[in-house]
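Single-letter residue listing:
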Amino acid sequence: MSIFEYNGSALIAMVGKNCFAIASDRRLGVQLQTIATDFQRIYKIHDKVFLGLSGLGTDAQTLYQRLVFRHKLYQLREERDMKPETFASLVSALLYEKRFGPYFCQPVIAGLGDEDKPFICTMDSIGAKELAKDFVVAGTASESLYGACEAMFKPDMEPEELFEIVSQALLSSVDRDCLSGWGGHVYVVTPTEVRERILKGRMD
């Protein structure tokens, strides 16, 4: 078993019309044994940038703490929040710094940039970015997430429809992966508000 699959995870980010959604499962396991059913994989950097970390849970928490530290230094120096593109470059640089002993994480970054244009990207454990215009996925359930998202995605969705599509894609995909699941955690971010919802899925 790969170290990336040790705790299990499922992450998805999808763009809509001037909005985006980012969702994850809630299971923390040690291989096939479930340890917690309320594990947080999505972190808020500021109101318009969110970070999802799949992979090894301990590395995800360490990486998040280092990124918050860097973002706070940026805020003090620049007196503004980071744009999502800038934040993606920061994450990439931080991961590449440790390329000979990497953090075992696959980040998903989602945010609203200039003129509220949604931005999403993912990268591997050494910071090689993969930009997308529709959706990005990560984690042990990524194969089934790709299939569900390819089938369900539509361009320019409104926030409510986007929530429905992301939720259905997540719940149907984690049912096909025994290392992730146990409900879901969805954020839908628009220029004016952040909506957070907890999904109830199959609890097995």
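Above this note sits the structure.
To start, this report covers the structure provided alongside it. Note that residues are indexed from 1 along each chain, following the sequence as it is written. Local features are withheld for residues below a pLDDT of 70 in this predicted model, meaning they are given only at 70 or higher, and side-chain atom pairs are given and counted only at 80 or more; totals for whole chains, interfaces and linings count all residues. Side-chain measures were taken over the full set of non-hydrogen atoms in the model, leaving aside hydrogen atoms and water.

**So, the overall build of the chain**
- Runs of E in the DSSP output that reach at least two residues are strands. Runs of H or I that reach at least four are helices, and both are numbered from the N terminus. In terms of helices and strands, the chain carries 4 helices and 12 strands.
- For 204 residues, the compact-globule estimate of 2.2 N^0.38 gives 17 Å, and the chain sits close to it at 16 Å.
- Dimensions of the chain along its principal axes, counting C-alpha atoms only, are 45 × 40 × 25 Å.
- We call a residue buried when its accessible area falls under 20% of the maximum for its residue type, exposed when it is over 50%, and partly exposed in between, using a 1.4 Å probe and counting protein chains only. Split into buried and exposed, the 204 residues of the chain put 50% on the buried side.
- Contacts in the chain between residues at least 24 apart in sequence constitute 62% of all its contacts with a sequence separation of at least 6.
- Split by element, the accessible area of the chain, about 9,800 Å² in all, is 49% carbon and sulfur. We compute the radius of gyration over the C-alpha atoms and compare it with the globule rule, which gives 2.2 Å times the number of residues raised to the power 0.38. Working rule for contacts: check all heavy atoms of both residues, and any pair within 4.5 Å makes them a contact. Under the convention used here, a 1.4 Å probe and the Shrake-Rupley method define accessible areas, while residue burial counts only the protein chains that appear.

**Quick notes on the side chain of Ser-167**
- Following the sequence through the fold, Ser-167 ends up in helix α4 (residues 159–174).
- Beyond its immediate chain neighbours, meaning those up to four positions away, Ser-167 contacts Val-186 and Leu-199.

**Topic: the pattern of salt bridges**
- When a carboxyl oxygen of Asp or Glu is within 4 Å of a side-chain nitrogen of Lys or Arg, the pair counts as a salt bridge. As enumerated under the stated definition, the model contains 11 salt bridges in all.
- Close ionic contact of Arg-41 with Asp-25 constitutes a salt bridge, the shortest N to O distance being 2.8 Å. With Arg-41 in the loop between β4 (33–36) and β5 (42–46) and Asp-25 in strand β2 (residues 20–25), this pair connects stretches of sequence that are 16 residues apart. Like Asp-25, Arg-41 is buried.
- The salt bridge involving Glu-193 is made with Arg-195; its shortest N-O contact spans 2.8 Å.
- What makes Glu-193 partly exposed here is its relative accessible area of 34%.

**Digging into the nonpolar core**
- Residues belong to one nonpolar core when they are buried, are Ala, Val, Leu, Ile, Met, Phe, Trp, Tyr or Cys, and are joined through side-chain atoms within 4.5 Å. Ranked by size, the top nonpolar core spans 23 residues in total, and within it Ile-12, Met-14, Val-166 and Leu-170 carry the most contacts.
- Elements with a contribution of two residues or more to this core: β1 (10–15), β2, β10 (135–139), α3 (142–152), α4 and β11 (184–189).
- With residues near it in sequence (within four places) discarded, Met-14 still touches Phe-20, Ala-21, Asp-134, Phe-135, Cys-149, Phe-153, Met-157, Leu-162, Ile-165 and Val-166.

**With respect to the sheet that holds strand β8 (residues 118–123)**
- We treat two strands as partners when DSSP finds at least two bridges between them. In spatial order, the strands read β5-β6-β7-β8-β9; together these 5 strands make up an open sheet with antiparallel pairing. Edge strands, defined here as strands with exactly one partner in the open sheet, are β5 and β9 (129–132). On average, each strand axis in the sheet is inclined to that of its neighbour by 20 degrees, with strand direction left out of account.
- Strand direction decides the pairing type here: β5 and strand β6 (residues 49–55), joined by 4 bridges, are antiparallel. Here, axes are lines fitted to C-alpha atoms. For helices the fit covers the stretch in contact, and angles between N-to-C directions go from 0 to 180 degrees.

**Structural notes on helix α1 (residues 57–78)**
- A helix is expected to span 1.5 Å multiplied by its residue count minus one. The end-to-end C-alpha distance of α1, which contains 22 residues, comes to 31 Å, matching closely the 32 Å that a straight helix rising 1.5 Å per residue would cover.
- For α1, the secondary structure elements touched by its buried residues are β5, β6, α2 (84–97) and β7 (105–112).
- Among the residues trailing α1, Glu-79 stands out with phi positive, at a value near 60 degrees.

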